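Examining the three-dimensional arrangement
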Amino acid sequence: MQFSVYQQSHIGGRKLNQDRMGYLYTRDALLLVLADGMGGHLRGEVAATIALQSIATRFKSQATPYVRKPERFLQEALQQAHEDILRYTREKAMPDSPRTTIVACLVQHNSAVWGHCGDSRLYWLRRGQVLGRTRDHSHIEYLIAKGQADASERATHPDRNKLYNCLGASTPPKVELSRASGLEPGDVLLLCSDGLWSMLPDTEIAHRLSAQPITQAVPAMIAMATAIAGSRGDNTTALAIQWQGAGTPAAAGDPSVVSTQMVPDGEVTSRIDAPAAAPAPDDPFDEDDIEKAIAEIRDAIEKSSHILK
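Residues numbered from 1 in each chain as written. Predicted model: local features only at pLDDT ≥ 70, side-chain atom pairs only at ≥ 80, totals over all residues. Heavy atoms only, no water.

**Some words on the packing of aromatic side chains**
Per the stated rule, a full pass over the model turns up three aromatic pairs. Taken together, a centroid distance of 6.3 Å and an interplanar angle of 70° make the contact between Phe59 and Phe73 edge-to-face. Remark: Phe73 occurs in helix α2 (residues 70-91) and Phe59 occurs in helix α1 (residues 44-62); sequence separation between them is 14 residues. One cation-aromatic arrangement involves Arg68 over Tyr66; the distance from NZ or CZ to the ring centre is 4.4 Å. Seen from the ring of Trp197, Arg121 lies directly overhead, with NZ or CZ sitting 3.6 Å from the centre. (Phe/Tyr/Trp six-rings, centres within 6.5 Å; stacked < 30°, edge-to-face > 60°. Helix = DSSP H or I, 4+ residues; strand = E, 2+ residues; numbered from the N terminus. Lys NZ or Arg CZ within 6 Å of the ring centre and 35° of its normal.)

**A word on α2**
With 22 residues, α2 should cover 32 Å at 1.5 Å per step; its first-to-last C-alpha distance of 31 Å lies within 8% of that length. All of the buried residues in α2 are Pro70, Phe73, Leu74, Ala77, Leu78, Ala81, His82, Asp84, Ile85, Leu86, Tyr88 and Thr89. (Expected span 1.5 Å × (residues − 1). Buried < 20%, exposed > 50% of the residue type's maximum accessible area, 1.4 Å probe, protein only.)

**Let's talk about the state of the cysteines**
One pass over the full model with this rule turns up zero disulfides. Between Cys117, a cysteine without a disulfide, and Cys166, which holds the nearest cysteine sulfur, the sulfur-to-sulfur distance is 8.0 Å. Overall, Cys117 belongs to the buried group, its relative accessible area being 0%. (Disulfide = S-S within 2.5 Å.)

**Here's the deal with the nonpolar core**
Ranked by internal contacts, the top residues of the largest apolar core, which has 31 residues, are Leu31, Ile55, Phe59, Phe73, Leu78, Ile102 and Leu106. Elements supplying a minimum of two residues to this core: β3 (29-37), α1, α2, β4 (100-108) and β5 (111-117). No other element matches the nine residues that α1 contributes to this core. Counting residues in hydrophobic clusters, the runner-up holds 22 residues, among them Leu30, Val103, Trp124 and Trp243. (Core = buried A, V, L, I, M, F, W, Y, C linked by side-chain atoms within 4.5 Å.)

**Concerning the packing of helix α5 (residues 202-211) against helix α6 (residues 214-229)**
The interhelical angle for the contact between α5 and α6, taken along N-to-C directions, is 150°, at an axis separation of 8 Å. Taken as axis vectors, α5 and α6 run roughly antiparallel relative to one another. Within the contact between the two elements, α5 uses Glu204, Ile205, Arg208 and Leu209 and α6 uses Ile214, Ala217, Ala220, Met221 and Met224. When grouped by side-chain class, the residues that make up the contact of α5 with α6 number seven nonpolar, no polar and two charged. (Axes fitted to C-alpha atoms, helices over the stretch in contact; angles between N-to-C directions. Parallel < 35°, antiparallel > 145°, perpendicular 65-115°, else oblique. Contact = heavy atoms within 4.5 Å. Nonpolar A, V, L, I, M, F, W, Y, C, P; charged D, E, K, R; others polar.)

**Things to note about the pairing of β5**
For β5, the tally of buried residues reaches six of seven residues, placing the bulk of the element in the interior. Taking the residues between adjacent antiparallel strands as the criterion, β4 and β5 are bridged by two residues, where His109 takes a positive phi near 55°. Note that β5 and strand β8 (residues 176-177) share two bridges and pair antiparallel. Across the sheet, the residue bridging to His116 is Glu176, located in β8. (Pairing = 2+ DSSP bridges.)

**Looking at the confidence of the model for the protein chain**
Taken residue by residue, the protein chain gives an average pLDDT of 83. The fraction at 70 or more is 78%. Contacts for the low-pLDDT stretch residues 247-266, under 50 throughout, to residues beyond four places or in other chains number 44 contacts. Here residues 300-309 is a poorly scored stretch, pLDDT under 50, and it has 27 contacts once near neighbours within four places are set aside; other chains count. (pLDDT = per-residue confidence, 0-100.)

**Comments concerning the pattern of salt bridges**
Where charged atoms from two side chains of opposite charge come close, those side chains can pair. Per the stated rule, a full pass over the model turns up 15 salt bridges. Through salt bridges that share partners, Arg121, Arg133, Asp136 and Asp202 make up one connected network. (Salt bridge = Lys/Arg side-chain N within 4 Å of Asp/Glu carboxyl O.)

**Here's the deal with the packing of α1 against α2**
At a minimum axis distance of 8 Å, the contact between α1 and α2 shows a crossing angle of 135°. On the basis of the axis angle, α1 is oblique to α2. α2 is crossed by α1, and the crossing has right-handed handedness. Facing α1, whose interface residues are Val46, Ala47, Ile50, Ala51, Ser54, Ile55, Arg58, Phe59 and Gln62, α2 presents Phe73, Glu76, Ala77, Leu78, Gln80, Ala81, Asp84, Ile85 and Tyr88. For the contact of α1 with α2, the class distribution of residues is 12 nonpolar, three polar and three charged. (Left-handed = near helix turned anticlockwise from the far one by under 90°.)

Written out as structure tokens, the structure is:
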């Protein structure tokens, strides 16, 4: 299994970065995860952190060295992440549960399957064409599906930020799963928060990822999106891989890029990036809690794995 991966996040015009992203892999399986904590609820960054922690732990236990039932894994992993957020809410006696969108993709045996809740997106591209893209669980998408709004209104409609599906809400999430999709060398999978796709049309995203390697395309798109959004822009996060397939030399160079040919059986390699700022003094979830939650992501894997620095 050979691939290149690049990830980057920008705080934008917000005081706190509530986006989280990470990837884990064995010799036969690769998991990509991106979560966007919901700012309209208390401590969205906590929900996003817990979601990555929960999903990473499950991958560590089930990828031996590949996951036997990918669709079932994603369904149960996202459901468990939701339960872990609610359990944390109860333990901390929080007045309301933190919430997050989520998108996760499992790649193994030259095939990818993904699941999501909310409006964090996955794009599957080949030679500049978007072969697949997640459908946002938002009110505007509902209106478009019903013929009550035009697709051109996605970025401007007043209800574009209203979501009906996420992790951490009082109602269980509805995990939407893709069909297994066969990958070819050169295919790109992009996971991103709405801070990116709401500023850049799909055509621009496809153009960038076809015209440049992901090491250049991802930072260029982040810079473009944050510049368009301006001083009041949202957190903007992207995690992309370029699939290389068996027998293709893995890319190297930038320290933020990880390429792998094989990880020994029983070993999980990971990189979890979870930026966080100090919470308000009157918030029941303090800085030590955030640092502890982030540390648990790594600790859950470190006993039997190598953590990329």
